[in-house]
Amino acid sequence: YTVALTVTDDRGASNSTTQQVAVTAPIQTVYATDTFTRTAPTGFGTADKGGAWTTSGGASLFSVDGNVGKIKMNTPGSGPAVYLNSVSALNINGTVDVATDSAPTGGGTYLSLAVRHNGTSEYRLRARIQPTVTTLTLSKVISGTETALKTVTVTGMIYNPGDVLRLRIQASGSGTTVLSGKVWKVGTAEPGAWQANSTDTDASLQAAGGIGVVSYLSGSSTLSPVVALWDNLSVTDIPVA
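Residues numbered from 1 in each chain as written. Predicted model: local features only at pLDDT ≥ 70, side-chain atom pairs only at ≥ 80, totals over all residues. Heavy atoms only, no water.

### Section: the overall build of the chain
Point 1. Secondary structure assignment for the chain yields zero helices and 18 strands.
Point 2. Summarising its shape, the C-alpha atoms of the chain cover approximately 85 × 35 × 35 Å along the three principal directions.
Point 3. When each of the 241 residues of the chain is scored for burial, the buried share is 45%.
Point 4. Taking the contacts inside the chain whose residues are at least 6 apart along the sequence as the reference set, 61% of them involve residues at least 24 apart.
Point 5. Total accessible area computed for the chain in this model is approximately 11200 Å², and 51% of it derives from carbon and sulfur atoms.
Point 6. For the chain, the distance from the average position of its 15 positive side-chain charges to the average position of its 15 negative side-chain charges is 5 Å. (Helix = DSSP H or I, 4+ residues; strand = E, 2+ residues; numbered from the N terminus. Buried < 20%, exposed > 50% of the residue type's maximum accessible area, 1.4 Å probe, protein only. Contact = heavy atoms within 4.5 Å. Areas by Shrake-Rupley, 256 points an atom, 1.4 Å probe, with all protein chains shown as cover. Lys, Arg positive; Asp, Glu negative; His and termini not counted. Charge placed at Lys NZ, Arg CZ, Asp CG, Glu CD.)

Below you can see the structure in the form of structure tokens.
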């Protein structure tokens, strides 16, 4: 860039100078990416970046077909999950695409992107798709027990077969973690503002951790099995404004 400076004194005399200034864009840290272009008959295999996926719920419930990673929820009330445990990230900006192979029934289907995963604790951004409404929740899971921190109804969003949702979560800070989340349909504009915001101070989640995706089929669902289709995972540090 060329920067020009002009100085005028109190008698009206002025002088100018120009200087070439180089501006270097900040280097962004990429913790994990996955486009699921490989094939795996069981499990999720190894991500494009972020290491091997570790399944929770039985490897046979997971597969990759060269386009998406699939998680099968065989029965109502089941919730398989899969994690990148070798990732260690604290301040993150994460996105993932997700769809299901059928319309939601009963209490719907829960689709979550998890961050700061350690053992059985993590933060989650969860979209719950139901027949007539979609809700978005920021939650924390401590020793396997999930507690909602903030839940909002996503105005005007009804999930239909063929729709693909994009989840975005940001988590920043330690001591007090600031959490933000949003969801929108792929092919539509990303919402400019965060739809859900919260803070949390639970000591067990104030450290770096892994990344995961979690699928859960409501116990009142009238259709099973249901398959969640995951794609285009991207987890980086938080962009500089």
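Next, the rest of the story.
### With respect to empty space enclosed by the protein
Any empty space left between atoms is shown by rolling a water-sized probe over those atoms.
Point 1. Counting across every chain of the model gives one cavity of 30 Å³ or more.
Point 2. Size it by volume and the largest cavity reaches roughly 40 Å³.
Point 3. Forming the boundary of the largest cavity are Ser102, Ala103, Pro104, Thr105, Thr109, Leu217, Ser221, Leu223 and Val226.
Point 4. Of the residues belonging to the lining of the largest cavity, the class tally is five nonpolar, four polar and no charged. (1 Å grid on protein atoms, 1.4 Å probe; cavity = no way out; pocket = protein on both sides within 12 Å on 5 of 7 lines; lining within 4 Å. Points joined across faces, edges and corners; volume = space filled by probe spheres on them. Nonpolar A, V, L, I, M, F, W, Y, C, P; charged D, E, K, R; others polar.)

### Describing the layout of surface pockets
Point 1. Counted as a void, the largest pocket has a volume near 330 Å³.
Point 2. Lining the largest pocket are 21 residues, with Ala81, Tyr83, Glu122, Arg124 and Val214 sitting closest to its centre.
Point 3. Broken down by class, the residue content of the lining of the largest pocket amounts to six nonpolar, 11 polar and four charged.

### Here's the deal with the pairing of strand β11 (residues 121-129)
Point 1. β11 sits mainly inside the fold: eight of its nine residues count as buried.
Point 2. Two elements, strand β10 (residues 109-118) and β11, share eight bridges in a ladder whose sense is antiparallel. The residue of β11 that forms the bridge with Tyr110 is Arg128.
Point 3. Connecting β10 to the next strand, β11, in antiparallel fashion are two residues, including Gly119 with a positive phi near 65°.
Point 4. With eight bridges connecting them, β11 and strand β12 (residues 134-142) associate as antiparallel partners. Residue pairing for β12: Arg126 is matched across the bridge by Thr137.
Point 5. Linking two consecutive strands that pair antiparallel, namely β11 and β12, is a turn of four residues. (Pairing = 2+ DSSP bridges.)

### Concerning the side chain of Ser78
Point 1. Here Ser78 is to be found in the loop between β7 (69-73) and β8 (81-89).
Point 2. At 2.6 Å, the side chain of Ser78 forms a polar contact with the backbone oxygen of Thr75.
Point 3. The contact partners of Ser78, leaving out residues within four places of it in the chain, are Met73, Ser215, Tyr216 and Leu217. (Polar contact = N/O pair within 3.5 Å; in protein donor to acceptor, adjacent residues only side chain to side chain.)

### Focus: the environment of Ala13
Point 1. The topology assignment puts Ala13 in the loop between β1 (2-8) and β2 (14-20).
Point 2. Among all residues touching Ala13, those that are not within four sequence positions of it are Val7 and Thr8.

### As for the environment of Leu149
Point 1. Relative to the assigned elements, Leu149 resides in strand β13 (residues 145-153).
Point 2. On the basis of relative accessibility, which here comes to 24%, the residue Leu149 falls in the partly exposed class.
Point 3. Remark: the alpha-carbon pair of Leu149 and Asn15, spanning 134 residues in sequence, is separated by 58 Å.
Point 4. Leave out the neighbours within four places in its chain, and Leu149 touches Tyr123, Leu138, Ser139, Lys140, Leu179, Ser198 and Asp200.

### With respect to the environment of Leu205
Point 1. Mapped onto the elements of the fold, Leu205 is located in the loop between β16 (196-200) and β17 (209-217).
Point 2. The exposure class of Leu205 is buried, given its relative accessible area of 1%.
Point 3. Leu205 sits 59 residues away from Glu146 along the chain, and the two C-alpha atoms are 13 Å apart.
Point 4. Sequence-distant contacts of Leu205, that is, excluding residues within four places in its chain, are made with Arg116, Ser121, Glu122, Tyr123, Lys140, Val141, Ile142, Thr177 and Asp200.

### Quick notes on the packing of aromatic side chains
Point 1. Counted under the stated rule, the structure contains five aromatic pairs.
Point 2. Ring geometry for Phe36 and Phe44: centres 5.4 Å apart, planes at 75°, overall edge-to-face.
Point 3. Judged by its relative accessible area of 1%, Phe36 falls in the buried class.
Point 4. The exposure class of Phe44 is buried, given its relative accessible area of 1%.
Point 5. Ring centres of Phe36 and Trp53 lie 6.2 Å apart, and the angle between their planes is 25°; this geometry places the pair in the stacked category. In this pair, Phe36 sits in the loop between β3 (30-34) and β4 (39-40) while Trp53 sits in the loop between β4 and β5 (54-56), placing the two residues 17 residues apart along the sequence.
Point 6. Under the relative-accessibility criterion, Trp53 is labelled buried at 8%.
Point 7. Members of the aromatic cluster, joined through ring pairs, are Phe36, Phe44, Trp53 and Phe62.
Point 8. Directly above the ring of Trp194 sits Lys182, whose terminal nitrogen or CZ lies 4.6 Å from the centroid. (Phe/Tyr/Trp six-rings, centres within 6.5 Å; stacked < 30°, edge-to-face > 60°. Lys NZ or Arg CZ within 6 Å of the ring centre and 35° of its normal.)

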